[in-house]
Amino acid sequence: MAVIVALGAFLMTLAGGWTAQRVTDRRHLVLGLAGGLMLGVVGLDLLPESLRAAGREVFGVPLALLLFVAGFLTAHVVERLLAVRQAAHGAENGGRVPEVGLTAAAAMVGHSFADGVALGAAFQVGGGMGVAVSLAVVTHDFADGFNTYTLTRLYGNARRKAVMMLFADAVAPVLGAASTLLFTLPEEPLGAYLGFFGGALLYLAAAEILPEAHHKHPALSTLLCTVGGVAGIWLVVGLAD
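So, here's what we can say about the structure.

### Concerning helix H2 (residues 27–53)
- Here H2 contains 27 residues, and its C-alpha end-to-end distance of 37 Å stays within 8% of the 39 Å for a straight helix at 1.5 Å per residue.
- At Val-42, H2 shows its largest kink, close to 35 degrees.

Shown next, in the form of structure tokens:
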């Protein structure tokens, strides 16, 4: 059952990426929505889940929050190092670094794989839990596909690479769900990963996606897309609970 549901997530991920491709003439709206979706996923889904799963403290601070900050700083450091490297090869300062987009998309793929593992584990716990997690995974995988394609293209990667990363993101939850037929990932390491990934994703949303969305088009419609993205994730999380 978990694998069958994951196939639905596969289709939703592709639908999200297809949507991102079709609205390229409204790029500022796409980026505004992507930023809102990313912010909603981090604040309303990833961070609460990571705090619940990786609940122990390290020197007075929850492990999930430490890794959340570490993820944010890691994304910042990696982007700066790649930018310096590209500048050293003659690129203009402040230019987009394609490797950052591919790294971010790869992290989205890893997150989708973890979604599949969570889906399989939920069905092992019981049918009710499986249904709740299925709703969350299938619905928010639309946002994952949307963000994976948008992130890859935003940093100057070719459409072919963006489609490849989108397809990898779509396949990942199916593989994750299938893997639970062989083993079960312990809860605390999964929570730690979600905290780290959430920090990296927040950096990309706050430092890259949203500033780019409002740079040339500081319109109310862009802001409404961002708020709508957050509200959409809140609705998904609420329905799943």
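### A closer look at the pattern of salt bridges
- Enumeration according to the criterion identifies 2 salt bridges in this entry.
- Notably, a salt bridge pairs Arg-52 with Glu-49, separated by 2.6 Å at the nearest N-O pair. Here Arg-52 pairs with Glu-49, and both are found in helix H2, just 3 residues apart, close to one helical turn.
- A relative accessible area of 51% places Arg-52 in the exposed class.
- Residue classification places Glu-49 among the partly exposed residues on the basis of a relative accessible area of 30%.
- Where Glu-188 meets Arg-56, a salt bridge forms, and the shortest distance between an N and an O atom there is 2.4 Å. Taken together, the residues span a long stretch of sequence, with Glu-188 in helix H7 (residues 187–215) and Arg-56 in the loop between H2 and strand S1 (57–58) at a distance of 132 residues.
- Assessed through its relative accessible area of 33%, Glu-188 is described here as partly exposed.

### Regarding the layout of surface pockets
- The volume enclosed by the second largest pocket comes to roughly 240 Å³.
- Lining the second largest pocket are 16 residues, with Ala-75, Thr-103, Ala-104, Ala-107 and Ala-200 positioned closest to its centre.
- For the lining of the second largest pocket, the secondary-structure elements that each account for two or more residues are helix H3 (63–88), helix H4 (98–125) and H7.
- Among the elements that make up the lining of the second largest pocket, the one with the highest residue count is H7 (7 residues).

Procedures and definitions
Residues numbered from 1 in each chain as written. Predicted model: local features only at pLDDT ≥ 70, side-chain atom pairs only at ≥ 80, totals over all residues. Heavy atoms only, no water. Helix = DSSP H or I, 4+ residues; strand = E, 2+ residues; numbered from the N terminus. Expected span 1.5 Å × (residues − 1). Bend = angle between axes of the 7 residues up to and from the residue. Salt bridge = Lys/Arg side-chain N within 4 Å of Asp/Glu carboxyl O. Buried < 20%, exposed > 50% of the residue type's maximum accessible area, 1.4 Å probe, protein only. 1 Å grid on protein atoms, 1.4 Å probe; cavity = no way out; pocket = protein on both sides within 12 Å on 5 of 7 lines; lining within 4 Å. Points joined across faces, edges and corners; volume = space filled by probe spheres on them.

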